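Here are the chains, one letter per residue:
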Amino acid sequence: MSSLKKILIVLFCVVLLAAGWAAAIFSKTDTDRQRELISAAQAYLEDEIYIKAAPLLEEAAGYQAGLTLEAEELLKQAYIPLLEQRGYPRKYTNLLEQQMGRQDAAPEVFLEAAKYYLGRLKEQEAFAALRHGIEKTGSQELTDFYEANRYVYRVGRGAYQEAADFLNGYIQVRQEGLWGLAQLDGSLVLPCEYDFLSTYDGGEVIAQRDGVLSGIDLNGNRLALYKGEPVTGVTNYSEGRLAVKQSQGWVLALDTLETGSAVLEEIGTFSDGGAAACQNGKWGVVKRSGREWWVEPAYDGIVCDGLGRCWRDGAVFVRQGDQVLLLVDGEQIAGPFEDARPFAGGWAAVKQDGFWGFIDREGTVRIDFQFDDAKSFTKHLAAVQKGQNWGYVGLNGTMVIEPSFLEAKAFEKGSAPVRTADGWQFITLLEYEPGQSGI
């Protein structure tokens, strides 16, 4: 055989061998490539060389193949020790967001994200991840974690000698003997310079200063002026109604401070179209006209809250002697109780055998009698007293804000007034977002 033929045969074999090698290399699947990258990265992870493991796992996770999820979990193991270094927190959270965005996302990834954000004091991001996970997966574990952590709060500005209850997002506060109006964080909208200041309703509050009774807006501009006979008392203003006490008794007034002719011996604050009122020595629930009654005046008293409200969804607690009865639509539903607080948007607090618990509108006990004092639920929180201090309980009966306040009142729009050694201050839940169904 000639030398040329030998050379050609050798070259042909080399080409065939090279082609075989190339075929072997290029026939690797994405899963094969992932496996090689993961194997190399795991060696770095074992040696805690995270900075070199991360790029290998990033490449492996970039393939849409059989080992993508495994690569992502290992990648998080590489990221977590590097979170104090620039850029890695964003890489980690981007990976979490990607995993949470998948249709078949597992509850565990939402829980991981929530715990990470809570550890970084990013409560809003944590609660958003939990809400998303609960909605997407229905996980009870996520729900339990959400309930256990959703009541983180901050203390707002201001400390006052006295505070009423929130209504329509504002609250009456007193400082140095005079009243003002504060918003949810405790900052003043109207300064503490009034002898009397009512609740806020429909863009107006009723104010009295130096004997002059006026309707004013939140800038202090006068909207109405009372010109009737002298008054010795004024109720809170709600649902376009208030009452003033004249020589002949209490008469209803409109937002213009023009008074009607119906005279009552006593009257509270309107809520849901009804107010506690006394006529001929007996109490009932009067309608906004002041002449017709939801509950005829036949009782020794009506249970009212701190703002003078008693009526909610047709339910009212009445007093007969030393007993308290629950009436719904005028009919007795439950009782007798030793005491009660009016319904306020959730379950009502009632007292039995010396302790307070909670019932629903049908009179069913929802939380057993175990508290030293209590206020009714507003949606899913209620202020309760255990020993000397007040905290807040959730619908499952668990204390979600531990008793640490000298006194506590109901939440509205995520905020509540609490009394501390410094006076009345305001706490606001970090989870609550305006417009979201909340407390």
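Residues numbered from 1 in each chain as written. Predicted model: local features only at pLDDT ≥ 70, side-chain atom pairs only at ≥ 80, totals over all residues. Heavy atoms only, no water.

1. Quick notes on helix H5 (residues 88-100)
Selection criterion: A run of DSSP states H or I qualifies as a helix once it reaches four residues; a run of E qualifies as a strand once it reaches two. Both are numbered from the N-terminal end. The span one expects for a helix is its residue count, reduced by one, times 1.5 Å. Between buried and exposed lies partly exposed: a residue is buried under 20% and exposed over 50% of the maximum accessible area for its type, with that area taken using a 1.4 Å probe on protein chains only. Of all possible arcs, the one meant is that of the directions from the helix axis to the C-beta atoms. In what follows, a contact means two residues having at least one pair of non-hydrogen atoms within 4.5 Å.
Taking 1.5 Å per residue as the helical rise, H5 with its 13 residues ought to reach 18 Å, and the 18 Å between its terminal C-alpha atoms agrees with that figure. Within H5 the residues assigned to the buried category are Tyr88, Tyr92, Thr93, Leu95, Leu96, Gln99 and Met100. Burial along H5 is one-sided: seen end-on, the buried residues are contained in an arc of 155°. Considering only its buried residues, H5 is in contact with helix H3 (50-62), helix H4 (68-79), helix H6 (107-119) and helix H7 (123-137).

2. A closer look at the nonpolar core
Put simply, the rule is: Note on terminology: a nonpolar core comprises buried Ala, Val, Leu, Ile, Met, Phe, Trp, Tyr and Cys residues joined through side-chain atoms within 4.5 Å.
Residues Ile38, Leu57, Tyr79 and Leu130 are the most contacted members of the largest nonpolar core, which totals 38 residues. The dominant element in this core, judged by the number of residues it contributes, is H6, at eight residues. Contacts of Tyr79, omitting those with residues within four sequence positions, involve Ala54, Glu58, Tyr88, Lys91, Tyr92 and Leu95. Judged by nonpolar contacts, the second largest core, of 14 residues, contains Tyr151, Phe405, Ala416 and Val418.

3. Examining the packing of H6 against H7
The angle between the axes and the distance between the axes are what describe a pair of packed helices. Put simply, the test is: Note on definitions: angles span 0 to 180 degrees between N-to-C directions of axes, and those axes are lines fitted to C-alpha atoms, for helices only across the stretch in contact. Note on terminology: angles under 35 degrees are roughly parallel, angles over 145 are roughly antiparallel, angles of 65 to 115 are roughly perpendicular, and the others are oblique. Throughout, a crossing is termed right-handed when the near helix is turned clockwise from the far one, and left-handed when it is turned anticlockwise from it by less than a right angle. Residue polarity is assigned by list, with Asp, Glu, Lys and Arg as charged and Ala, Val, Leu, Ile, Met, Phe, Trp, Tyr, Cys and Pro as nonpolar; anything else, Gly included, falls into the polar class.
Where H6 contacts H7, the axes come no closer than 7 Å and their chain directions differ by 170°. By the angle class used here, H6 and H7 are roughly antiparallel. The handedness of the crossing between H6 and H7 comes out as left-handed. Between H6, through Pro107, Phe110, Ala113, Ala114, Tyr117 and Leu118, and H7, the contact on the second element is made entirely by Glu123, Glu125, Ala126, Ala129, Leu130, His132, Gly133, Lys136 and Thr137. In the contact of H6 with H7, the residues fall into nine nonpolar, three polar and three charged.

4. Concerning the layout of surface pockets
Cut-off, in case you're wondering: Definitions used throughout: a 1 Å grid over protein atoms alone; a cavity as a set of points that fits a 1.4 Å probe which cannot get out; a pocket as an open set with protein on both sides within 12 Å along at least five of seven lines; a lining residue as one with an atom within 4 Å of a point. Grid points are joined across faces, edges and corners, and a volume is the space filled by probe spheres set on the points.
Taken as a whole, the largest pocket encloses approximately 920 Å³ of empty space. Around the largest pocket, the lining is made up of 41 residues, and of these Asp305, Arg309, Arg312, Ala344 and Thr378 lie nearest the centre.

5. Here's the deal with helix H8 (residues 140-149)
We apply this condition: Any N or O atom pair separated by 3.5 Å or less is treated as a polar contact, with the protein-specific requirement of one donor-capable and one acceptor-capable atom, and with residues adjacent in sequence counted only for side-chain atom pairs.
Among all positions of H8, only Leu142, Phe145 and Tyr146 are buried. Angularly, the buried residues of H8 cover 100° about the axis, an arc narrow enough to put them on a single face. Here the buried face of H8 lies against H6 and H7. The N-terminus of H8 is capped by Ser139, whose side-chain oxygen sits 3.2 Å from the backbone nitrogen of Glu141.

6. A word on the pairing of strand E29 (residues 399-405)
Note the threshold: Paired strands, in this sense, are two strands between which DSSP finds at least two bridges.
Where strand E28 (residues 389-394) meets E29, three bridges bridge the pair, whose relative direction is antiparallel. Opposite Tyr392, over in E29, you have Ile401 as the bridge partner. Between E28 and the antiparallel strand that follows it, E29, lie four residues; Gly397 among them carries a positive phi value of about 85°.

7. What to know about unusual backbone geometry
Put simply, Gly335 and Pro336 share a cis peptide bond, and its omega is 10°. You can see Pro336 is positioned in strand E21 (residues 331-337). Look at Asn280: it is not a glycine, yet its phi comes out positive at around 55°. Owing to a relative accessible area of 66%, Asn280 belongs among the exposed residues under this scheme.

8. A few points about the packing of aromatic side chains
Counted only if it meets this: Aromatic contacts are taken between Phe, Tyr and Trp rings whose centres are within 6.5 Å, Trp giving its six-membered ring; a plane angle under 30 degrees counts as stacked, one over 60 as edge-to-face, and the others as tilted. Each ring is checked for a lysine NZ or an arginine CZ that lies within 6 Å of its centre and within 35 degrees of its normal; such an atom marks a charge sitting over the ring.
In the structure shown here, the tally under the stated rule is 14 aromatic pairs. Both rings, one in Tyr153 and one in Phe405, keep their centres 6.2 Å apart while their planes meet at 55°; by these two values the pair is tilted. In this pair, Tyr153 sits in strand E1 (residues 153-155) while Phe405 sits in strand E29, placing the two residues 252 residues apart along the sequence. Taking the centre distance of 6.0 Å and the plane angle of 25° together, the rings of Trp294 and Trp311 count as stacked. Here Trp294 is found in strand E17 (residues 293-299), whereas its partner Trp311 is found in the loop between strand E18 (301-302) and strand E19 (315-320), with 17 residues between them in sequence. Given the relative accessible area of 6%, Trp311 is considered buried. A network of ring pairs unites the aromatic residues Trp347, Phe358, Phe371 and Phe377 as a single cluster. Directly above the ring of Trp294 sits Lys287, whose terminal nitrogen or CZ lies 4.3 Å from the centroid. The ring of Trp390 carries Lys375 above its face, with NZ or CZ at 4.9 Å from the centroid.

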